[in-house]
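# A look at the structure
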Amino acid sequence: THQQDLAGKKILVSAGPTVEAIDPVRFLSNRSSGKMGYAVAQAAADRGAEVTLISGPTALAQPTNLKMIPIRSARELQEQLEENFDANDFVIMAAAVADYHVKEVADQKIKKHGRDVVELELVANPDILAALGQKKTHQRLVGFAAETQNLLANGAKKLAEKNLDMLVLNDVSRSDIGFNAADNEVRLLRPQEEPKLIEKTSKAQIAQEILDELLKLA
Ligand code: PMT
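Residues numbered from 1 in each chain as written. Predicted model: local features only at pLDDT ≥ 70, side-chain atom pairs only at ≥ 80, totals over all residues.

What the chain contains, in helices and strands, is five helices and 12 strands. Against the globule reference of 17 Å for 218 residues, the chain gives a C-alpha radius of gyration of 18 Å, in line with a compact fold. Dimensions along the principal axes, computed over C-alpha positions, put the chain at roughly 60 × 35 × 35 Å. Here the chain, with 218 residues, has 37% of them falling under the buried criterion. (Helix = DSSP H or I, 4+ residues; strand = E, 2+ residues; numbered from the N terminus. Rg over C-alpha atoms; globule rule 2.2 N^0.38 Å. Buried ≥ 20, exposed ≤ 12 C-beta atoms within 10 Å, placed from the backbone.)

Taken together, 26 residues lie near the ligand, and Ser33, Lys35, Met36, Ile128 and Leu129 sit nearest. When contributions to the shell around the ligand are tallied by element, the ones reaching two or more residues are helix H1 (35-46), helix H3 (128-135) and strand E9 (140-147). At four residues, the largest contribution of residues to the shell around the ligand is made by E9. Split by residue class, the shell around the ligand holds 14 nonpolar, eight polar and four charged. (Near = placed C-beta within 6 Å. Nonpolar A, V, L, I, M, F, W, Y, C, P; charged D, E, K, R; others polar.)

With that out of the way, let us pick up the environment of Val123. Structurally, Val123 is set in strand E8 (residues 122-124). Separated by 19 residues in sequence, Val123 and Glu104 have C-alpha atoms that sit 9.4 Å apart. Residues within four places of Val123 in sequence aside, it is in contact with Tyr100, His101 and Lys103. (Contact = placed C-beta atoms within 7 Å.)

The next point concerns the pairing of strand E2 (residues 20-23). With three bridges joining them, E2 and strand E3 (residues 26-28) adopt antiparallel strand pairing. Across the sheet, residue Asp23 finds its bridge partner in E3, namely Arg26. Counted along the chain from E2 to the antiparallel partner E3, the turn is two residues long. (Pairing = 2+ DSSP bridges.)

The next subject is the packing of H1 against helix H5 (residues 203-217). The interhelical angle for the contact between H1 and H5, taken along N-to-C directions, is 55°, at an axis separation of 8 Å. Compared by their axis directions, H1 and H5 come out oblique. With respect to the hand of their crossing, H1 and H5 are arranged in right-handed fashion. Taken together, the residues of H5 that come into contact with H1 (itself represented by Lys35, Met36, Ala39, Val40, Ala43 and Ala44) are Lys203, Ala204, Ile206, Ala207, Gln208, Ile210 and Leu211. Taken together, the residues of the contact of H1 with H5 sort by class into 10 nonpolar, one polar and two charged. (Axes fitted to C-alpha atoms, helices over the stretch in contact; angles between N-to-C directions. Parallel < 35°, antiparallel > 145°, perpendicular 65-115°, else oblique. Left-handed = near helix turned anticlockwise from the far one by under 90°.)

Next up on the list: the sheet that holds strand E11 (residues 183-189). If you walk across this open sheet you meet the eight strands as E5-E4-E1-E6-E9-E10-E11-E12, and the pairing is mixed. Of all strands in the sheet, those with a lone pairing partner are strand E5 (67-70) and strand E12 (196-202), marking the two edges. Averaged over neighbouring strand pairs, the angle between their axes works out to 20° when direction is ignored. Direction of pairing for strand E6 (residues 90-93) relative to E9: parallel, over a ladder of four bridges. Pairing of Val91 across the sheet is with Leu141, part of E9.

With that settled, consider the UniProt feature "binding site: CTP" (unreviewed entry) in the chain. Here, UniProt's "binding site: CTP" (unreviewed entry) annotation points to Asp99, Lys109, Pro126, Asp127, Ile128, Leu129, Phe144, Lys158 and Lys162. Their sequence span is 64 residues, while the largest C-alpha to C-alpha distance among them is 37.6 Å; these annotated residues do not converge on one region. Take Asp127: it is sitting in the loop between E8 and H3. Residue contacts for Phe144: discarding those within four places in its chain leaves Met93, Ala94, Val168 and Asn170. (UniProt positions renumbered as here; feature names shortened; annotations may be inferred.)

Written out as structure tokens, the structure is:
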């Protein structure tokens, strides 16, 4: 049993990868398994929050006691986030969003036609979180950052540029934490505060500690 310290709070969580279609049978995506975001959503629901989980395709079992909205592309993720934004108190953006989508999605399977080299033209996706950061009113906004180098500097930049209340900084250069791992180790960054290290532990435990910090922002 858990303390119901998030009772009465509405929390919107995004998780997993986005998937950008190339043609009817191919896509561009990334290595996010959804484990981190699902852990946050499940922990928040267990602590009494009313949770909406917007998720890209994952192999995970659906968490209980929450509303699930499946999406594939970054564009679909943005539509669902915008639609649910006003009604929520906290938005936790753990999804690994594709930075680009394919400019022209082929409506039939692309044929080789003897070509050794083909080019895909990619167009930038909107920065969904930065847009939410611009329009937030009562909401507290939490971003994640997946970095392979200059962690603290890159994290601090995203915290400020996206107008976030907290950023969860992930080192995805390590295989024992980050993408798809059972465990994680993160730094929590907040404006005007020293980064707080949460040492390597299960994603379930990391989720609880993120929510503990979130409650202090409420
Ligand atoms: O799913 P797992 O396998 O458990 O792995 C967890 C994780 C490593 C994927 C997760 O902890 C994580 O770090 N998620 C964020 C990945 C990411 O997209 O980071 P980023 O540094 O590219 O983006 C920073 C923030 O902006 C993120 O909150 C992201 O959701 C958001 N973003 C990014 C691009 C974009 N076009 N729109 C966005 O909203």
